[in-house]
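So the chains spell out like this:
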Amino acid sequence: MITALDHIAIAVPDLEKSIKRFMDDFGLSFDGTEDVIAAKTSTAFFPVPPTNIELVHPLNGDGPIAGYLEKKGGGLHHLCFRSDNIEEDVERLTAKGYQFLGDAPSPGAHGSKVIFIHPKSCDGVLVEINQPADSH
């Protein structure tokens, strides 16, 4: 079951500059960075309880975020909903006709399991479902 809005992800062309903006200009607490090899991204998190802002940047200049930045130059990338049972949510949403950008959940930041719903299934919005590591 979906339990919360986990994070809002923003694709950024310059990760360090964006981290500085969110820390210095907006005064948000910085929760560190993490490379997510499976997604080919470097991430930076800013908790804004009860959710987070996630900055995503291409890891080694490669992956889907690189293509997004080439096309759009940055901006809102996706919404992420937290799940307490990602497999059940995928099964339920598949039965309702949702299409996913993968066959099964894959590794995400902080040891989570993630899967993305194709934007065609959500009025053009890329939606991620995330099951935190502590609820596996």
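Quantities reported herein were computed from a predicted structural model and do not represent experimental measurements. (Residues numbered from 1 in each chain as written. Predicted model: local features only at pLDDT ≥ 70, side-chain atom pairs only at ≥ 80, totals over all residues. Heavy atoms only, no water.)

K.L.:
Go over the pairing of strand β7 (residues 113-117) with me, naming the residues and quoting the values.
P.N.:
Pairing of strand β6 (residues 106-107) with β7, which is carried by two bridges, proceeds in the antiparallel orientation. Across the sheet, Pro-107 pairs through a bridge with Lys-113, a residue of β7. Here β6 hands over to β7 after five residues, with His-110 in that stretch at a positive phi of 60°. Bridge count for β7 against strand β8 (residues 127-131) is five bridges, and the pairing is antiparallel. Bridging across to β8, Ile-115 finds its partner in Ile-129. (Pairing = 2+ DSSP bridges. Helix = DSSP H or I, 4+ residues; strand = E, 2+ residues; numbered from the N terminus.)

K.L.:
Help me get a handle on the pattern of salt bridges, residues and values and all.
P.N.:
Opposite charge on two side chains lets them pair, provided their charged atoms get close. Within this structure, the stated rule accounts for five salt bridges. Salt-bridge contacts for Arg-82 lead to Asp-6; the nearest nitrogen and oxygen are separated by 2.8 Å. Of this pair, Arg-82 sits in strand β5 (residues 75-83) while Asp-6 is found in strand β1 (residues 2-11), placing the two residues 76 residues apart along the sequence. For Arg-82, a relative accessible area of 22% translates into the label partly exposed. Judged by its relative accessible area of 9%, Asp-6 falls in the buried class. Salt-bridge contacts for Glu-87 lead to Lys-113; the nearest nitrogen and oxygen are separated by 2.7 Å. Of this pair, Glu-87 sits in helix α3 (residues 86-95) while Lys-113 sits in strand β7, and the two are 26 residues apart along the sequence. (Salt bridge = Lys/Arg side-chain N within 4 Å of Asp/Glu carboxyl O. Buried < 20%, exposed > 50% of the residue type's maximum accessible area, 1.4 Å probe, protein only.)

K.L.:
Tell me about the UniProt feature "domain: VOC" (unreviewed entry) in the protein, and please be specific about residues and values.
P.N.:
On the UniProt side, "domain: VOC" (unreviewed entry) is annotated at positions that read residues 4-132 here. The straight-line gap between the two end C-alpha atoms of residues 4-132 is 11 Å; of that span, 23% is helix and 38% is strand. (UniProt positions renumbered as here; feature names shortened; annotations may be inferred.)

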